[in-house]
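Chain residues, written in single-letter form:
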Amino acid sequence: MKKIIIRTAVLMLLLGISYGVAAKPAQASKTTRSSRVKVTLKKGVLTISGKGAMPADLKVKNKRKVKKIIIKKGVTTISDFAFHNYKNLKSVTIPSTVKKIGWESFYGTAVKSVKVPSTVTSIGQCAFWNCRKLKKITLPGDFSLRTKSGDDAEYELAGSVDTVVYNTKLKLANTAVMTTNNFVVDKNDPSYKSIHGVIYSKDGKSIVRVPFARKKVVLEEGCEEFCLQSVLYCNMDWESDVTGCCAVETIVIPASVKKVEAKKYFSTASSPLETKPMVEIKAKQFDGASLSALVYDLGITAKEVMRQLPEQITLHNNMYISWDGVLLEANGNNAEVKVPQGVKKIGNGTFEDKEEVTKVTLPEGVTEIGEYAFASYDPERKALQINLPSTLVKVGDRAFYGCNIKKLEIPASLRSFGKYAFAGNDFTEVVLPDGLETIPEGLFQNCAYLKNMVIPASVKTIEAVAFGGLDGESRSRKFMIQGTSKKIADDAFSCPTDTLTYTGGTKEMKSRLDVWYFASKKGKKAKVKIRWNKVTGADGYQVTLSGDAKFRKNKTPLSLKKGKQTATLNISWKNKKAKAVYGRIRPYKIVKGKKIYGRWSRTKLEFY
């Protein structure tokens, strides 16, 4: 009887090795300890069952035998690299209990179709990458793409897939995570619908997204708005290099289209098409803004647009002008350009990178200068001379970026400034018009030669780096702030040699804290040299350093004396692995023996 028992045990062991198992988590994480997930392999079918998270290290013997995976209800996650290079895997079933899918989890498999349930909220990068047979994938419309850190980050989910089906409300950013031929939007999506594999607005009047792999797109008859982001949207890596974009070569615009819109439906990134498409225009008439969008944003020459729409564009001294007064394109090599009467707007990018142009005369009647209109990226370009007419109301983003303008009079009519509109110029003095309420981000960034500037009391908001971007070697500049400092960005005046004067009293005073370098960092201690802006009338400055962004703990209060603008500090905190400390500064004035404080300015001091 004893011998029979031994033989039976050996037989059972052999059967286990041949058909069975294999889930051996390596050093189990907390998640693995709490999970009760079992893995069995039988006749090519790998079954994962139980409750909780899948083990972080899923070891399966003979993974080449796995042709099908069934994940049972109760399993909540698919771990990173779970089925990486299971080359014979052709089918997978994912239950509604799964909330997260790890990165590269199905990398290199032979699956042809995958249905990711609507319950999944997070999917790791490259989860379905290198799945060369994958033709169709069903995804939630709104999920977050989980990426690795630093230069290991990838913002793609899969390579080339014929059809992507969304089973919930769509987040537009998710259309850029893979190359496909067809989009199918959920029928209950409140904002979008798909027609012939292309995404349109719910009412069908605006085209929203063309799949990356489409070579030709014919806008549906009845569509009224050609939104260029439908073909200009793209995917970028951590260095802002384009990793995915539309390959469209032919675009047909039907007669129903009334407008071309450049920015509508912008998601996370946009880039010019690598190859200029052939555009067939059947529409009857476009306004100047639409024509400008075709020329500048889509990259179609004004000459070509004029060939198709001869009654809408005229040519005057190498300048193409729309019927309603938008200057679309300026050609020729003249150093001096005189814009003709009747022009109301200088279109986007009209003179961009035209360093040969050194003088431009604008007529009265011009009300708007578009984005990048005169922008230059050549630091050695000759200074641009230009007049701003008294009729000018709006200047777009980076309109005069890098033009090395030395003198400029801003008319009282100008109320709307774009971001970085005058950045990188050599102004010595600029008079801002009374009534101006906002100085936008980077408006005068890298303008090193400004001497004295008065910021009128009408200004309520000064945005980030409006006067910033300079190091300590720049010339000393003086700013008089006549209004409130309540909505002045902490880094609005980020040049440490700037002197700030506040006419509104002590409580309006605000400085700017900056860091030069960390001389040393060992464990919980570091030595740092800080600097700050001088505030006229301040008797000193109070500084607080903390390991907490909200300054709730590990606080180190310091007092800095009048007249100084730099200090070397020894700091310590509880967390030796900290990568940054947070600093804040406020000026004060002593009135009758009592300190009256200004506003706090905050900054993040990173370790190097």
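Below: a short report on this structure. (Residues numbered from 1 in each chain as written. Predicted model: local features only at pLDDT ≥ 70, side-chain atom pairs only at ≥ 80, totals over all residues. Heavy atoms only, no water.)

### Brief notes about the nonpolar core
Taken as a class, soluble globular proteins show a tendency for nonpolar side chains to be buried jointly. One finds F83, F128 and L298 to be the most contacted residues of the largest nonpolar core, which totals 89 residues. The element best represented in this core is helix α4 (residues 288-297), accounting for four residues. Once residues within four sequence positions are removed from consideration, L298 is found in contact with F226, L228, V231, L232, I251, L273, K276, P277, V279 and A293. (Core = buried A, V, L, I, M, F, W, Y, C linked by side-chain atoms within 4.5 Å. Buried < 20%, exposed > 50% of the residue type's maximum accessible area, 1.4 Å probe, protein only. Helix = DSSP H or I, 4+ residues; strand = E, 2+ residues; numbered from the N terminus. Contact = heavy atoms within 4.5 Å.)

### What to know about the packing of aromatic side chains
Tallying each qualifying case throughout the model produces 20 aromatic pairs. For the ring pair Y377 and Y401, a centre distance of 5.8 Å and an interplane angle of 40° mean the geometry is tilted. Placement of Y377 in the loop between β29 (368-369) and β30 (385-386) and of Y401 in the loop between β31 (394-395) and β32 (416-417) is noted, with a sequence separation of 24 residues between them. For Y377, a relative accessible area of 43% translates into the label partly exposed. Relative accessible area serves as the criterion here: at 22%, Y401 is assigned to the partly exposed category. Their ring planes at 80° and their centres at 6.2 Å tell us that F427 and F444 sit as a pair that is edge-to-face. With F427 in the loop between β32 and β33 (438-439) and F444 in the loop between β33 and β34 (452-455), this pair connects stretches of sequence that are 17 residues apart. Given the relative accessible area of 0%, F427 is considered buried. (Phe/Tyr/Trp six-rings, centres within 6.5 Å; stacked < 30°, edge-to-face > 60°.)

### Some words on the state of the cysteines
Inspection of every chain in the model, using the stated rule, returns zero disulfides. For the unlinked cysteine C223, the closest cysteine sulfur is that of C227, found at 7.3 Å. Looking at C245, it has no disulfide partner, and the nearest cysteine sulfur is the one in C234, 6.9 Å off. (Disulfide = S-S within 2.5 Å.)

### Things to note about a negative patch on the surface
A grouping of D151, D152, E154, E239 and D241 is seen on the molecular surface, where their side chains present a negatively charged patch. By secondary structure assignment, the location of E154 is in the loop between β10 (144-146) and β11 (160-166). Judged by relative accessible area, E154 falls into the partly exposed class, the value being 31%. (Patch = residues over 30% accessible without salt bridge, like charges linked within 9 Å, V, L, I, M, F, W, Y side chains within 5 Å. Areas by Shrake-Rupley, 256 points an atom, 1.4 Å probe, with all protein chains shown as cover. Salt bridge = Lys/Arg side-chain N within 4 Å of Asp/Glu carboxyl O. Lys, Arg positive; Asp, Glu negative; His and termini not counted. Charge placed at Lys NZ, Arg CZ, Asp CG, Glu CD.)

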